[in-house]
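Below are the chains, spelled out letter by letter.
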Amino acid sequence: MASIQKRSGSYRARIKRVGQPTLSQTFNTRMEALEWAKETQAKLRLGLFEPPQVPSLKNFKEAALCYRDNHTIYKKIARSETYRLQILIERWGQLPIEQINKSAVLTLRDDLLRLGRAGATVNHYFNTISKLFQMLNDEWELNIPNPIKSIKRMPPSPGRTKRVYEQVERELIASCEKLGFGLLRSIIEFAIATGMRRGEMMGLHWGDIDLVNRRAYLHITKNGEPRKVPLSQRAMAVLETVQAMGTNAVFPMSMNVLRNQFEKSRAHAEAAWLSAGDNPFKGLRLHDLRHEALSRLSDAGLNVIELSHISGHKTVAMLSRYTHPSHPAILEKIDRYSQIT
């Protein structure tokens, strides 16, 4: 019997057989998964199916590369997971897979924490290792204990509370202008106006923009579900400035250039900041603009349902990590309520 499972933006087809190993394969689209399942089931009925050859395992490196080539490449987190696998290969590459036990993983955890890695980062390594061993047991039918099962995940780190208030935004935009980064200015303004993630903005094409109804269609998102983002008047003004560029992409800039230009603008603004107190540009990230956008929308009075519709968050707990209402906005609402009652 065939089944299709959606897994972080990819689709895993599985065919269970009585008394035989389960067959599975991962694909980028549901259609590809369905076609593979249909074709494989037909071959099984006709007796034409040839079972895949299980690779001979010599060490951890071979298992990790197999996992990368058959699973990681289909995920939205392919780049980051590939990086983690490379770190693990450098550490355990020549070891027999059986030696990657609880003790080895706990030592990895302690080393990562000693290097200053966050608990969430450690958990990402745990997840990668666990999925790799799941592949060895489910697909290769190797009876090897998953070392992660008996290890507790690290507690989540506190959410960032940095706000990019209007004065900070003006200084950051001024740095963009002084450095000649006009397109970066548009991206910063659009991020604050919409609350979109970096990848969502940079993946936008003009075919995804409905100027008449003022909304943007996001086909590929972090949680794997498409959504429609309403476009404020400020967002529309930004689109008007970049539309004249005549490119297919709304923001024609590579991720590397975006990172480099934002860091240069941030550093310039940090050096130019003269006000007393903590420098708001120290440690500022591009992703903080998404936090700021959702916080401003909360200050404007949007409720949780409306905010999650814009942000794409599925739980209030995750939305709360991104939304930080300002104290004056809270006081204004309290005073308004007091006047009503």
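1. Digging into the pattern of salt bridges
Evaluation of the coordinates by the stated rule reveals 18 salt bridges. The residue D299 makes a salt bridge to R163 at a minimum N-O spacing of 3.4 Å. Within this pair, whereas D299 is found in helix α11 (residues 288–299), its partner R163 is found in the loop between α5 (119–138) and α6 (166–179), the two being separated by 136 residues in sequence. With relative accessibility at 21%, the residue D299 sits in the partly exposed group.

2. Side note on the nonpolar core
It is characteristic of soluble globular proteins that their nonpolar side chains tend to be buried jointly. Counting 39 residues, the largest nonpolar core has F190 and F251 as its most contacted members. Of all the secondary structure elements, the ones that give two or more residues to this core are α6, α7 (182–194), α8 (198–202), β5 (215–218), α9 (233–243) and α10 (255–272). It is α7 that provides the largest number of residues to this core, a total of eight residues. Ignoring any residue separated from it by four or fewer positions in sequence, one finds F190 in contact with G195, M196, M201, L204, L231, A235, V238, L239 and F251.

3. So, the sheet that holds strand β6 (residues 227–230)
Sheet architecture is open: three strands sit in the order β4-β5-β6, paired in antiparallel fashion. The sheet terminates laterally at β4 (209–210) and β6, the two strands that pair on one side only. As paired strands, β4 and β5 are joined by two bridges and run antiparallel to one another. Its bridge partner being in β5, D210 is matched across the sheet by R215.

4. Details of the environment of T40
The residue T40 is located in helix α1 (residues 30–46) in this model. Looking at T40, the relative accessible area reads 6%, which means it is buried. Considered as a pair, T40 and L23 are 17 residues apart in the sequence and their alpha carbons are 9.1 Å apart. Contacts of T40, omitting those with residues within four sequence positions, involve I15, L23 and F49.

5. A closer look at the confidence of the model for the protein chain
For the protein chain, mean pLDDT is 87; residues scoring 70 or higher make up 94% of the total. Per-residue pLDDT, averaged within each element of the protein chain, yields its smallest value for helix α14 (residues 327–340) (70) and its largest for α7 (97).

6. Considerations on the packing of helix α3 (residues 78–92) against helix α4 (residues 102–114)
Close contact between α3 and α4 brings their axes to 13 Å; oriented N to C, the two are set at 115 degrees. Every pair of crossing elements has a handedness; the one defined by α3 and α4 is right-handed. In this structure, α3 uses L88, R91 and W92 to contact α4, whose residues at the interface are A104, V105, T107, L108 and D111. When its residues are assigned to classes, the contact of α3 with α4 shows five nonpolar, one polar and two charged.

7. Some details on unusual backbone geometry
Among all residues save glycine, negative phi is the norm, and among peptide bonds the norm is trans. The phi dihedral of R214 is positive, around 55 degrees, even though this residue is not glycine. With relative accessibility at 36%, the residue R214 sits in the partly exposed group.

Conventions used here
- Every chain's residues receive numbers from 1 upward, in the order its sequence appears when written.
- Local features are withheld for residues below a pLDDT of 70 in this predicted model, meaning they are given only at 70 or higher, and side-chain atom pairs are given and counted only at 80 or more; totals for whole chains, interfaces and linings count all residues.
- Each side-chain value is derived from all of the structure's non-hydrogen atoms; neither hydrogens nor water enter the calculation.
- A pair is scored as a salt bridge if a Lys or Arg side-chain nitrogen falls within 4 Å of a carboxyl oxygen belonging to Asp or Glu.
- A helix here means a DSSP run of H or I that spans at least four residues, while a strand means a run of E at least two residues long, and both kinds are numbered starting from the N terminus.
- Here's how the labels work: a residue is buried when its accessible area is under 20% of the maximum for its type, exposed when over 50%, partly exposed in between, all with a 1.4 Å probe on protein chains only.
- Buried Ala, Val, Leu, Ile, Met, Phe, Trp, Tyr and Cys residues that are joined via side-chain atoms within 4.5 Å together make up what is termed a nonpolar core.
- Whether two residues touch is decided by their heavy atoms; if any such pair falls within 4.5 Å, the residues are in contact.
- Strands pair, by our definition, only if DSSP identifies at least two bridges between them.
- Each residue carries a pLDDT score, the predictor's own confidence in it, on a scale running from 0 to 100.
- To obtain each axis, a line is fitted to C-alpha atoms, and for helices this fit is confined to the stretch in contact; angles are then taken between N-to-C directions over 0 to 180 degrees.
- Handedness of a crossing is defined here by the sense of rotation of the near helix relative to the far one, left-handed for an anticlockwise turn of less than a right angle and right-handed for a clockwise turn.
- Residue classes follow a fixed rule: Ala, Val, Leu, Ile, Met, Phe, Trp, Tyr, Cys and Pro count as nonpolar, while Asp, Glu, Lys and Arg count as charged, and any other residue, Gly among them, counts as polar.

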